[in-house]
Amino acid sequence: MEQAVEMVQRELKHVVVREHVRSLLDGAEPGTPAPSERELVSQFKVARMTVRQALDALVAEGLLERMPGRGTFVARPRRRPAQLTSFTEDMRRRGLTADSRTLLARIEKAGPGVARALEVEPNSPVVHWKRLRRAGGATMCLEDAYLNEALLPGFLASGLPSSLYDALQGRRLRPTWAEDAIQADVASVEEADLLGLEPGQPVLRLARRALCGDRVVQVSRSTYRSDRFTLHVQLGEATA
Ligand code: GLP
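Quick caveat, the model's predicted, so the values are computed rather than measured.

1. Things to note about the overall build of the chain
1) Next: In terms of regular secondary structure, the chain is built from seven helices and eight strands.
2) Next: Relative to the 2.2 N^0.38 estimate, which gives 18 Å for 240 residues, the radius of gyration of the chain is 22 Å and therefore markedly larger than a compact globule would have.
3) Next: Counting only C-alpha atoms and orienting by the principal axes, one finds that the chain spans roughly 80 × 40 × 30 Å.
4) Next: Counting across all 240 residues of the chain, residues that qualify as buried make up 39%.
5) Next: Looking at the chain alone, contacts between residues at least 24 apart form 57% of all its contacts between residues at least 6 apart.

And the structure:
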């Protein structure tokens, strides 16, 4: 009996914490931080397990989302049509500001793999743009992109934009759809050096082939620090 009473009390505490967090975050923008576990433990004088249970319920409901190493935040609404987002938009959704450092930007001749992916003849001119990408001041990924130069004459001469997709939008070439391939791997020596990792630490590789209508505009390989990046994928029929 005592055990049952204890259980009810614990369950009630969990509900109290959960509803407190829910009302606190009512109407908050996606990306707003939820109170930390430590704050809630001291505020409600409950066990950490109780707080975790309360937050878990809100994560399962889709109100909150956890970002490994960063904390818990108000989640983006569910049931949205999947959108083709740029790095800048992707980070903005997480409440972070993106910035980049260009490591390389030049015209090259397309090698066989890039030519095939971009659907151009081998040796055709392509723009090769390599950037180290940060979010909220923290290094997030290394991006190696190739663009079909024939579609983007003078791209390099017009000054490098902070967002590629914004620049493509300006030329009416923003990708309308894309194919992504995602792979778990470990960082090479060069990648580790740039990403601030040790060689052999885990990374997430994301290869994208982006098209505007039926024209392949860009292919890219992004290497993300897997301790900082969670990939969100929406599947199934979009309902809103
Ligand atoms: C994503 C894609 C990349 C693309 C980038 C553009 O990260 N995977 O292929 O190059 O977005 O981002 P931005 O417009 O911020 O430069």
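2. Some points on the sheet that holds strand β5 (residues 138-148)
1) Next: In spatial order, the strands read β3-β4-β5-β8-β7-β6; together these six strands make up an open sheet with antiparallel pairing. Bordering the open sheet on either side are β3 (98-109) and β6 (177-186), each of which pairs with just one other strand. Averaged over all neighbouring strand pairs, the angle between strand axes comes to 15°, with direction disregarded.
2) Next: Sheet topology note: the strand β4 (residues 125-135)/β5 ladder contains 10 bridges and is antiparallel. When the sheet's bridge partners are listed, Arg-131 is paired in β5 with Glu-143.

3. Points about the environment of Ser-158
1) Next: Relative to the assigned elements, Ser-158 resides in the loop between β5 and α6 (164-170).
2) Next: Residue classification places Ser-158 among the exposed residues on the basis of a relative accessible area of 53%.
3) Next: Sequence separation between Ser-158 and Val-16 is 142 residues, and the spatial gap between their C-alpha atoms is 57 Å.
4) Next: A distance of 2.8 Å separates the side chain of Ser-158 from the backbone oxygen of Phe-155, its partner in a polar contact.

4. Let's talk about the site of the ligand
1) Next: The environment of the ligand is made up of 15 residues, and the closest members are Thr-88, Ser-163, Leu-164, Gln-218 and Ser-220.
2) Next: Between the ligand and Ser-163 there is a distance of 2.6 Å, counted from an oxygen atom to a side-chain nitrogen or oxygen.
3) Next: The side chain of Gln-218 places a nitrogen or oxygen atom 2.7 Å from an oxygen atom of the ligand.
4) Next: Contact with the protein chains hides 99% of the accessible area of the ligand, taken as 400 Å² for the molecule alone.
5) Next: Sorting the residues of the shell around the ligand by element identifies α4 (87-93), β4, α6, β7 (202-212) and β8 (215-225) as the ones contributing at least two each.
6) Next: Among the elements that take part in the shell around the ligand, β8 stands out by supplying three residues, more than any other.
7) Next: Of the residues assigned to the shell around the ligand, the class counts are five nonpolar, six polar and four charged.

5. Observations concerning the packing of aromatic side chains
1) Next: Across all of its chains, the model carries two aromatic pairs by this definition.
2) Next: Ring centres 3.9 Å apart and planes at 20° place the aromatic pair Tyr-224 and Phe-229 in the stacked group.
3) Next: Taking relative accessible area as the criterion, Phe-229 reaches 5% and is therefore assigned buried.
4) Next: Across from the ring centre of Trp-129, 3.8 Å away, lies the NZ or CZ of Arg-131, which sits over that ring.

6. Quick word on the side chain of Arg-131
1) Next: Here Arg-131 is to be found in strand β4.
2) Next: Once you skip the residues sitting within four places of it in the chain, Arg-131 turns out to touch Ser-100, Arg-101, Thr-102, Leu-103, Cys-141, Leu-142, Glu-143, Ser-162 and Leu-164.

What counts and what doesn't
- Residues numbered from 1 in each chain as written.
- Predicted model: local features only at pLDDT ≥ 70, side-chain atom pairs only at ≥ 80, totals over all residues.
- Heavy atoms only, no water.
- Helix = DSSP H or I, 4+ residues; strand = E, 2+ residues; numbered from the N terminus.
- Rg over C-alpha atoms; globule rule 2.2 N^0.38 Å.
- Buried < 20%, exposed > 50% of the residue type's maximum accessible area, 1.4 Å probe, protein only.
- Contact = heavy atoms within 4.5 Å.
- Pairing = 2+ DSSP bridges.
- Axes fitted to C-alpha atoms, helices over the stretch in contact; angles between N-to-C directions.
- Polar contact = N/O pair within 3.5 Å; in protein donor to acceptor, adjacent residues only side chain to side chain.
- Near = heavy atom within 4 Å.
- Areas by Shrake-Rupley, 256 points an atom, 1.4 Å probe, with all protein chains shown as cover.
- Nonpolar A, V, L, I, M, F, W, Y, C, P; charged D, E, K, R; others polar.
- Phe/Tyr/Trp six-rings, centres within 6.5 Å; stacked < 30°, edge-to-face > 60°.
- Lys NZ or Arg CZ within 6 Å of the ring centre and 35° of its normal.

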